[in-house]
Amino acid sequence: MSTQQFRLAERPKARWQAVALGEVMLRFDPGEGRLRNARQFQVWEGGGEYNVVRGLSSTFGHATAVLTALPRNELGLLAQQLIQSGGVDTSQVVWRDHDGIGRNTRMGLNFTERGFGVRAPLGVSDRAYSAASQLQQDAFDWDMLFGQQGARWLHTGGIFAALSAETAQTTLTAVRAARARGVPVSFDLNYRASLWNSHADPEAARLINRHIAAECDLLVGDEYSFAACLGMDVQDLGTRRTPMDIGPAQAAAQRAMAEFPALQAVSFTLRDAANASRHGWAGALCTRTDVFVSAVREVELLDRVGGGDAFVAGVVHALLQGEGEQVAVDLGAAHGALAMSTPGDTACTSLEEVQAVARGQGAAARR
């Protein structure tokens, strides 16, 4: 068995293996159609931070919980039932009273086209004044959440941190509370141009992201997100010779670990998105001394949303199990590939299927 460099404390009485802090939205999916002429939608729950614990629960069998807020109305109840159907604990959800028309608080919505061929995927968010965007730093009992009988891992991300000044401070409070109690933290920068372009003060957001990154053990992002979300100067790292060239991202990861001494590792995915239906796909994880890369595979896409989150779930699972960094990127890349083969934000799969894909087994029918 490989020796794992990533360190985390054993907590035999932990209530949850992982918790996620972030917004959960309702995703409206027109299937193969387009938003502009849709007549019906499938509805899923999803969110960059939540998707990770959903995968940890439904695919990998871990006890997880989500730290979020929902409006006390029918849409909030729908979201709760969808979350529970994935095995994620909703006991820590903050419920906010609804005024009947959504003036004070509402359910975040995300309308998403899958894309096909030369037609790129499209996301249209409708999330202003959502319940989660108003979460305050005192909304949760951090002592309980990260005490000896709380959680073994905290995952959060840049989407939630960028929603508002309140969520930025709540994220910072959460990661500091986790670090103070010896709980490892993963933070996915998850750059979204539409979100950052509407931010009141992008420089202030970058500054608080840097404060958050300083408290993290695992940072998820490549050179582009480091530049956009952390303000890191990556101009001298060179350009990728091909979309799958790991060099610039690896150099940026080493620079990030030099700037943030608490970091144990940086992880990221590689994509060759020649069209919306077929991608080159791989995952990587950099420690302070080594680089671990998954096999590169060609992936046929049904729905690319959530592939990166599924990758993170596979990485976190392997690290929680002490299986080592190479297993982490192999399972993460396989889980991400499977997530993109099914509709919705998360994979409809099992640990056994993930392991089979990681081993390189083909797609022959199983009977």
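**Regarding the side chain of Thr 170**
Line of reasoning, step 1. Tracing the backbone through its elements, the reader meets Thr 170 in helix H5 (residues 165-180).
Line of reasoning, step 2. Relative accessible area serves as the criterion here: at 0%, Thr 170 is assigned to the buried category.
Line of reasoning, step 3. A polar atom in the side chain of Thr 170 sits 2.8 Å from the backbone oxygen of Leu 135.
Line of reasoning, step 4. Apart from the residues lying within four places of it in its own chain, the contact partners of Thr 170 are Leu 21, Leu 135, Gln 136, Gln 137 and Trp 142.

**Quick look at helix H10 (residues 307-321)**
Line of reasoning, step 1. In this model H10 runs 21 Å from its N-terminal to its C-terminal C-alpha over 15 residues, within 8% of the 21 Å that 1.5 Å per residue would give.
Line of reasoning, step 2. Judged by how many residues are buried, H10 sits mostly within the fold: 13 of 15 residues are covered.
Line of reasoning, step 3. The first or second residue beyond H10 is Gly 322, which carries a positive phi of 70 degrees.

**Let's talk about the sheet that holds strand S8 (residues 109-113)**
Across a sheet, strands are paired by hydrogen bonds formed along the backbone, either parallel or antiparallel in direction.
Line of reasoning, step 1. Across the sheet, which stays open at both edges, the four strands sit in the order S3-S2-S8-S9 with mixed pairing between neighbours. Each end of this open sheet is capped by a strand with a single partner; those strands are strand S3 (42-46) and strand S9 (122-126). Between one strand and the next, the sheet's axes are offset by a mean angle of 25 degrees, whatever the strand orientation.
Line of reasoning, step 2. Looking at chain direction, strand S2 (residues 25-29) and S3 are connected through five bridges and run antiparallel.

**Overview of the packing of helix H1 (residues 50-58) against H10**
Line of reasoning, step 1. Running from N to C, H1 and H10 cross one another at 55 degrees; their axes reach a closest spacing of 8 Å. With respect to H10, the axis of H1 lies oblique. Crossing of H1 over H10 shows right-handed handedness. Residue-level contacts link Asn 51, Val 52, Gly 55 and Leu 56 of H1 to Asp 309, Val 312, Ala 313, Val 316 and His 317 of H10.
Line of reasoning, step 2. Each residue belonging to the contact of H1 with H10 can be placed in one class, and the counts come to five nonpolar, three polar and one charged.

**Details of the packing of aromatic side chains**
Line of reasoning, step 1. Applying the stated criterion to the full structure yields six aromatic pairs.
Line of reasoning, step 2. Ring centres 5.4 Å apart and planes at 20 degrees place the aromatic pair Phe 6 and Trp 153 in the stacked group. Of this pair, Phe 6 sits in the segment before strand S1 (18-21) while Trp 153 sits in the loop between helix H3 (142-146) and strand S10 (154-157); the two residues are 147 residues apart in sequence, bridging distant segments of the chain. Per residue, the accessibility class of Phe 6 equals that of Trp 153, and both read buried.
Line of reasoning, step 3. Aromatic side chains Phe 41 and Phe 111 sit 5.9 Å apart centroid to centroid with 70 degrees between the ring planes, which places their arrangement in the edge-to-face category.

**Comments concerning the side chain of Thr 173**
Line of reasoning, step 1. Within the secondary structure layout, Thr 173 lies in helix H5.
Line of reasoning, step 2. Within the structure, the side chain of Thr 173 is placed 2.8 Å from the side chain of Gln 137, a separation counted as a polar contact.
Line of reasoning, step 3. Ignoring any residue separated from it by four or fewer positions in sequence, one finds Thr 173 in contact with Gln 137 and Trp 142.

**Some details on the pattern of salt bridges**
Line of reasoning, step 1. Counted under the stated rule, the structure contains 24 salt bridges.
Line of reasoning, step 2. Among the ionic pairs, Arg 179 bridges to Glu 215, the shortest N-O distance being 3.9 Å. Here the residue Arg 179 occupies a position in helix H5, and Glu 215 occupies one in the loop between helix H7 (202-213) and strand S12 (218-220), the gap between them amounting to 36 residues.
Line of reasoning, step 3. Judged by relative accessible area, which is 17%, Glu 215 ranks as buried.
Line of reasoning, step 4. As a salt-bridge pair, Arg 210 and Glu 259 come within 2.7 Å of each other at their nearest N and O atoms.

**Overview of the pairing of S1**
Line of reasoning, step 1. Residues Ala 18 and Ala 20 line one face of S1 and the alternating positions Val 19 and Leu 21 line the opposite face, and both faces are buried.
Line of reasoning, step 2. As defined by bridge partners, S1 adjoins strand S4 (residues 64-67) across four bridges and the pair is classed as parallel. The residue of S4 that forms the bridge with Leu 21 is Leu 67.
Line of reasoning, step 3. Pairing analysis gives two bridges linking S1 to S10, with the strands arranged parallel. Paired with Ala 20 across the two strands is His 155, which belongs to S10.

**Here's the deal with unusual backbone geometry**
Line of reasoning, step 1. Non-glycine residue Tyr 129 carries a positive phi angle of around 65 degrees.
Line of reasoning, step 2. Following the sequence through the fold, Tyr 129 ends up in the loop between S9 and H3.

**Overview of the nonpolar core**
Line of reasoning, step 1. Grouped together as the largest cluster of nonpolar side chains are 55 residues, with contacts concentrated most on Phe 146, Leu 154, Leu 219 and Phe 226.
Line of reasoning, step 2. The biggest single contributor to this core is H5, with six residues.
Line of reasoning, step 3. In this view, Phe 226 contacts Leu 189, Leu 219, Gly 221, Gly 231, Met 232, Ala 252, Ala 253, Ala 256 and Val 266; residues no more than four positions away in its chain are not counted.
Line of reasoning, step 4. Grouped together as the second largest cluster of nonpolar side chains are 47 residues, Ala 79, Leu 82, Trp 153 and Leu 320 included.

**Details of the packing of H5 against H7**
Line of reasoning, step 1. At a minimum axis separation of 9 Å, H5 and H7 run at an interaxial angle of 15 degrees. In terms of orientation, H5 and H7 fall into the roughly parallel class. You can see that H5 and H7 cross each other, and the crossing is left-handed. Note on element contacts: H7 touches H5 through Ile 208, His 211 and Ile 212, opposite Ala 168, Gln 169, Thr 171, Leu 172, Val 175 and Arg 176.
Line of reasoning, step 2. When grouped by side-chain class, the residues that make up the contact of H5 with H7 number five nonpolar, three polar and one charged.

Here is what the cut-offs are and how they apply
Residues numbered from 1 in each chain as written. Predicted model: local features only at pLDDT ≥ 70, side-chain atom pairs only at ≥ 80, totals over all residues. Heavy atoms only, no water. Helix = DSSP H or I, 4+ residues; strand = E, 2+ residues; numbered from the N terminus. Buried < 20%, exposed > 50% of the residue type's maximum accessible area, 1.4 Å probe, protein only. Polar contact = N/O pair within 3.5 Å; in protein donor to acceptor, adjacent residues only side chain to side chain. Contact = heavy atoms within 4.5 Å. Expected span 1.5 Å × (residues − 1). Pairing = 2+ DSSP bridges. Axes fitted to C-alpha atoms, helices over the stretch in contact; angles between N-to-C directions. Parallel < 35°, antiparallel > 145°, perpendicular 65-115°, else oblique. Left-handed = near helix turned anticlockwise from the far one by under 90°. Nonpolar A, V, L, I, M, F, W, Y, C, P; charged D, E, K, R; others polar. Phe/Tyr/Trp six-rings, centres within 6.5 Å; stacked < 30°, edge-to-face > 60°. Salt bridge = Lys/Arg side-chain N within 4 Å of Asp/Glu carboxyl O. Core = buried A, V, L, I, M, F, W, Y, C linked by side-chain atoms within 4.5 Å.

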